[in-house]
Amino acid sequence: MLSENAGIFEEGQVLLFDKPPYWTSFDLVNKVRIMIRSEFGIKKIKVGHAGTLDPLATGLMILCTGKATKRIEEFRDLDKGYDATVHFGKTTPSFDLETETDGNYPTGHITSSLVENTLQEFLGSQMQIPPLHSAKLINGKRAYEFARKGIEKELKPVSIIFREIELVSFGIPETRIRLLCSKGTYIRSFARDLGQALGSGCYLSALERTTIGSFKLSDAWTLEKFDQYLKQLQQI
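Residues numbered from 1 in each chain as written. Predicted model: local features only at pLDDT ≥ 70, side-chain atom pairs only at ≥ 80, totals over all residues. Heavy atoms only, no water.

1. What to know about helix α2 (residues 25-40)
Working step 1: Compared with an ideal rise of 1.5 Å per residue, which puts 16 residues at 22 Å, α2 spans 23 Å between its outermost C-alpha atoms and is within 8% of the ideal.
Working step 2: Those residues of α2 that fall on the buried side of the exposure criterion are Ser25, Leu28, Val29, Val32, Arg33, Met35, Ile36, Glu39 and Phe40. Here the buried residues of α2 occupy an arc of 160° about the axis, which is enough to place them on one side. Summarising the geometry of α2, the exposed residues directed more than 90 degrees from the buried face are Phe26 and Ser38.
Working step 3: For α2, the elements touching its buried residues are α1 (7-11), β1 (14-19), β2 (47-49), β3 (58-65) and α7 (223-235).
Working step 4: Of the residues trailing α2, Gly41 is marked for its positive phi of about 70°. (Helix = DSSP H or I, 4+ residues; strand = E, 2+ residues; numbered from the N terminus. Expected span 1.5 Å × (residues − 1). Buried < 20%, exposed > 50% of the residue type's maximum accessible area, 1.4 Å probe, protein only. Arc of directions from axis to C-beta. Contact = heavy atoms within 4.5 Å.)

2. Details of the packing of aromatic side chains
Working step 1: Following the criterion strictly, the structure yields 10 aromatic pairs and no others.
Working step 2: For the pair Phe17 and Phe226, a centre-to-centre distance of 5.0 Å together with 75° between the ring planes defines the contact as edge-to-face. Of this pair, Phe17 sits in strand β1 while Phe226 is found in helix α7, placing the two residues 209 residues apart along the sequence. Exposure class is identical for Phe17 and Phe226. Each is buried.
Working step 3: Each ring, one from Phe122 and one from Phe162, has its centre 6.5 Å from the other, and the planes form 85°; the classification is edge-to-face. Taken together, the residues Phe122 in the loop between α4 (112-120) and β7 (124-128) and Phe162 in strand β10 (residues 158-169) connect sequence positions 40 residues apart. Each member of the pair Phe122 and Phe162 is classed as buried.
Working step 4: An aromatic cluster is defined as three or more aromatic residues linked by ring pairs; in this entry it consists of Phe9, Phe17, Phe40, Trp221, Phe226 and Tyr229. (Phe/Tyr/Trp six-rings, centres within 6.5 Å; stacked < 30°, edge-to-face > 60°.)

3. Here's the deal with the pattern of salt bridges
Working step 1: Scanning the model with the defined rule gives 13 salt bridges in all.
Working step 2: Measuring nitrogen to oxygen at the nearest pair gives 2.7 Å for the salt bridge that ties Asp77 to Lys183. In this pair, Asp77 sits in the loop between α3 (72-76) and β4 (80-88) while Lys183 sits in the loop between β11 (174-181) and α6 (187-197), placing the two residues 106 residues apart along the sequence.
Working step 3: Judged by its relative accessible area of 47%, Asp77 is partly exposed.
Working step 4: Taking the shortest distance from any N to any O, the salt bridge between Arg188 and Asp96 comes out at 3.9 Å. Here Arg188, found in helix α6, pairs with Asp96, found in the loop between β5 (90-91) and β6 (103-104); they are 92 residues apart in sequence, far enough to count as distant. (Salt bridge = Lys/Arg side-chain N within 4 Å of Asp/Glu carboxyl O.)

Next comes the structure, spelled out in structure tokens:
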């Protein structure tokens, strides 16, 4: 028997989720869609996300169901907050751990004060070149399709804003940084640019999205807790 509560997802829900590592954004959307359909016996339900996260990243994603999918665009324009861990002294083609290291650089000159001073230079508006290992479109194809074939392509710089940058903990090789930035910002590209600004190399070794506008990761569902919530709804 179909629970009356099944209708809330068709009418539209805005759901916050903590994306697990190694999942694509589509994996999460698809999993949530399947969970809702199977629990309530719904043949078809719209589920969409309001902004992707890289597979290696974790943290906050906004998913919309049913009629609430019409609201997706309003969430995509919101600022994003991140907790990033960067690795000094090495680089990778993808600017993160998706690919093997391809360069080694000196780190002996990097100090906490140098990092703090350099981070302040990133504050405000700037042009950022997205990573080739990304979903950016080049002549109708995703940039990562060229990257995975070893084909070099040049992506156009995009305008972004870093509103807040804070050094959380300093270390060599790994340092943690908190950032608040505009939509369209690639933290992987930030890691690359930070390494260059420090006269070294750098890649992103871990990333967690903590906020989207006023939405917080602390309020997000894990898949396990969402499954329990669906079961409780079905029993009401």
